[in-house]
Structures are given as structure tokens and as C-alpha cells.
Amino acid sequence: MTQPVVGYIGLGIMGRPTALNLIKAGYALHVFARRAAALEPLIAAGAVAYDSPKAVAAVADIIFINVSDTPDVEQVLLGSGGVIEAGKMEQIVVDMSTIAPIAARNIATKLAARGIDLLDAPVSGGEAGAIAGTLSIMVGGKQTAFERALPLLQVLGKNIVHVGDSGAGQVAKACNQIVVAGTIAAVAEAMTFARCNQVDAGKVREALMGGFAGSKILEVHGKRMLDNDFKPGFKSRLHQKDMHIVLETARQLGLALPISSQTTQLINALLGSGDGELDSSAMIKVIERMSGQ
Ligand code: NAP
């Protein structure tokens with residue numbers, strides 16, 4: 001079987017390493033990014049750069065996109081110079097961005113009118129998972145499109161689940177962010193609690209790692225909190241965007257999500273202090289300030 005021609009749009013913290021992994025796996029990659037600097041490492045690795053998403057769509061069979069928020073996905077796919085203008089029958093778009101489930105469904109309907117299949121395929125695992133090719137990928141969309149995209153998804157991730165129809169991947173990702181935000185807040189409280197009891201917070205983390213409180217968040221974000229190292233990672237402003245998706249969807253459904261509401265307030269406070277570009281583990285700074293630390 002001939003290999004698909006692959007496009008990639010959006011080369012930030014997550015897009016750059018995932019795109020590089022596709023090149024390392026032997027796929028010829030056709031890329032677009034707004035900034036020349038973002039393109040450089042990809043071109044050095046052999047990718048061909050284009051001046052618009054439309055130009056990428058004109059040559060690619062499968063197009064990955066990995067941009068920030070819902071309006072960005074809409075612009076890249078449906079806007080002027082967007083993928084839809086050159087899209088063709090049986091083309092697949094794999095959107096790895098985290099956006100609202102309802103928006104994913106609406107975009108899928110518009111692309112389907114041109115014969116293009118959209119898979120919503122948000123990820124978990126952070127920059128480290130993107131570099132290592134060990135992401136968790138939660139996919140929504142048609143089974144046939146999922147099967148065609150699977151060999152490429154297997155280059156990028158280890159735990160790949162076809163959750164359901166269009167939007168189901170984004171619902172799974174919202175669930176992921178509910179758990180992640182709540183756990184970061186709990187770890188931030190625990191680390192502050194230990195320090196304020198004049199106990200070595202590093203030793204506390206070490207002790208907790210082997211028991212029921214052990215988690216990836218305690219391991220990775222707990223370490224960042226101990227080291228006071230908040231280089232992103234996952235930017236707090238993107239986590240705020242994700243919690244907005246969670247709470248807005250909950251509002252529409254009439255769901256009570258008290259823990260998500262509270263953790264969103266902590267993230268809001270972080271952004272209010274001008275720390276939106278810091279890693280989401282910087283939530284501990286808000287807990288510390290609230291406690292006079
Ligand atoms: P990032 O480093 O800020 O990168 C986003 C990239 O998208 C940037 O290169 C940006 O280009 C590009 N972009 C944004 N709007 C665009 C537009 N309208 N047209 C073209 N390019 C556009 O963010 P990231 O951390 O890679 O996150 C990307 C997505 O993955 C987000 O939806 C995020 O929520 C999700 N995610 C992130 C992580 C993580 O740990 N970082 C984990 C899971 C999921 P410029 O450089 O020109 O601004």
C-alpha cells in the first residue's frame with residue numbers, strides 16, 4: 001500500500017515534536033506555521049513548507065492540525081486560505097487541538113459537505129509524551145477514517161482509543177482536564193501543607209508516590225512545584241481555555257461540577273497575576289499567596 005502524503009499545521013510545543021516523529025517514521029511531511037522560526041526545525045528535518053493551510057491541503061491525503069483554541073481550528077480549516085478551500089473527497093483531517101466538543105461536531109459537518117472526514121483527536125501526556133511518541137490519543141469520528149489514520153496515530157501515541165462519533169474525543173479530553181486540574185490543585189495544597197508544617201515536601205512526595213495518592217501529576221507537576229520550575233509544559237492560559245470548555249459544556253447540560261469550578265478560579269487568579277504563560281503547575285503560587293506564603 002502506498003504511504004499517504006501527510007500535512008501538518010501548527011508547530012508549537014506539541015505540534016513540533018509530533019510532526020518530527022512523523023518524519024522520523026518515514027512520512028514525507030508538508031507543513032504550515034505562521035512564524036518562520038517555528039518552521040525551521042521541520043525544514044531542517046526534511047519537511048516542505050507552504051504559505052497557507054489551503055496549500056498544504058492541496059497536496060496532502062491526511063492533515064494533522066495542532067493549534068491553540070476553537071477559533072484557530074476554525075480559521076485553519078474553514079477560514080480564508082483554509083483547508084476546506086482545497087479539500088478533496090476522502091481526505092482526512094486529524095485535529096489534535098483541544099476544543100469544545102460542540103465546535104468539533106459543527107466543523108466536522110462543514111468538512112463532510114466537501115467529502116472530508118474530521119477526526120477529533122486531542123491528546124494527553126504533555127510535551128514529554130509528544131517527544132517520546134507515547135501520547136494518549138482520544139479519538140472521535142467515523143470508524144473508517146479512524147482505521148485509515150491509525151498507523152500514523154501509532155507513531156505518536158501508545159494509548160489510542162476510538163471513543164465514539166464526532167466530538168467524543170473532545171468529551172474524553174474534557175474529562176481528562178477535569179481530573180488533571182483537580183489533581184494539580186490537590187498536589188499544590190499538599191506540597192504547601194507539608195512546607196508550612198516544616199516538613200520536607202520532597203520527602204512527602206516520595207512517600208506518597210507509592211500509595212493511593214501516587215499519580216503522574218504528583219510525579220511530574222509535584223516535581224516542578226518542588227523545583228519552582230514553571231517553564232511550560234502546558235501553559236496555564238491553555239488550561240484555563242480547557243476549563244472554560246468544561247464549565248460551558250456543563251452549563252449547557254445543567255451539570256454541577258463544584259471541583260472544576262473551584263480549580264478554574266485558581267487558574268483565573270494565576271492569569272490575573274500575569275502568569276498565563278507559566279506551566280499549569282504554577283497553580284501552587286496561587287495557593288501559597290492565599291496562605292500568606
Ligand atoms: P503552543 O505551544 O501555544 O502552540 C500552538 C501553536 O498553534 C503555535 O505554534 C501557534 O502559532 C499555532 N496557532 C495558533 N493559532 C493559529 C492559527 N490561527 N493559525 C495557524 N497557527 C496557529 O500550544 P501547545 O501547547 O502546542 O498546544 C496546542 C494544542 O494542544 C492546544 O489546544 C492545547 O490545549 C493542546 N494540548 C497541549 C498540551 C501540552 O502539554 N502543551 C497537552 C495536551 C494538549 P504561533 O507560534 O504563530 O502563535
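The sections below set out a description of the structure shown in this document.

Here we take up helix α12 (residues 258-272). Across its 15 residues, α12 extends 21 Å between first and last C-alpha, which sits within 8% of the 21 Å expected from 1.5 Å per residue. Turning to α12, its buried residues are Ser-260, Thr-263, Thr-264, Leu-266, Ile-267 and Leu-270. Take α12 and look down its axis: the buried residues cluster within an arc of 160°, on one side only. Summarising the geometry of α12, the exposed residues directed more than 90 degrees from the buried face are Pro-258, Gln-262, Gln-265 and Gly-272. In the core, the buried residues of α12 are packed alongside α8 (168-196), α11 (236-253) and α13 (283-290). Just beyond α12, the residue with positive phi is Gly-274, at close to 80°.

On to helix α4 (residues 70-78). Within α4, burial applies to Thr-70, Val-73, Val-76 and Leu-77. Here the buried residues of α4 occupy an arc of 130° about the axis, which is enough to place them on one side. Facing away from the buried side of α4 by over 90 degrees, the exposed positions are Pro-71 and Gln-75. Buried residues along α4 sit in contact with β1 (6-9), α3 (53-59), β4 (62-65), β5 (92-95), α5 (101-112) and β6 (117-120).

Let us look at the pairing of β4. Neither face of β4 is exposed, since Ile-62 and Phe-64 on one face and Ile-63 and Ile-65 on the opposite face are all buried. As paired strands, β1 and β4 are joined by four bridges and run parallel to one another. The residue of β4 that forms the bridge with Gly-7 is Ile-63. With four bridges joining them, β4 and β5 adopt parallel strand pairing. Along β5, the bridge assignment pairs Phe-64 with Val-94.

So, about the site of the ligand. If you check the shell around the ligand, you find 25 residues, and the closest are Met-14, Arg-35, Ser-68, Lys-235 and Lys-241. The separation between an oxygen atom of the ligand and a polar main-chain atom of Thr-98 is 3.0 Å. Contact with the protein chains removes 91% of the 900 Å² of surface that the ligand exposes when unbound. Secondary structure elements with two or more residues in the shell around the ligand: α4, α6 (126-132) and α11.

Evaluation of the coordinates by the stated rule reveals nine salt bridges. The residue Asp-227 makes a salt bridge to Lys-223 at a minimum N-O spacing of 2.6 Å. You can see Asp-227 and its partner Lys-223 sitting in helix α10 (residues 216-227), four residues apart, about one turn around the helix. Taking the relative accessible area as the measure of exposure, Lys-223 reaches 40% and is therefore partly exposed. A salt bridge links Asp-279 to Arg-224, with the nearest nitrogen and oxygen atoms 2.9 Å apart. With Asp-279 in the loop between α12 and α13 and Arg-224 in helix α10, this pair connects stretches of sequence that are 55 residues apart.

How each quantity is defined
Residues numbered from 1 in each chain as written. Predicted model: local features only at pLDDT ≥ 70, side-chain atom pairs only at ≥ 80, totals over all residues. Heavy atoms only, no water. Helix = DSSP H or I, 4+ residues; strand = E, 2+ residues; numbered from the N terminus. Expected span 1.5 Å × (residues − 1). Buried < 20%, exposed > 50% of the residue type's maximum accessible area, 1.4 Å probe, protein only. Arc of directions from axis to C-beta. Contact = heavy atoms within 4.5 Å. Pairing = 2+ DSSP bridges. Near = heavy atom within 4 Å. Polar contact = N/O pair within 3.5 Å; in protein donor to acceptor, adjacent residues only side chain to side chain. Areas by Shrake-Rupley, 256 points an atom, 1.4 Å probe, with all protein chains shown as cover. Salt bridge = Lys/Arg side-chain N within 4 Å of Asp/Glu carboxyl O.

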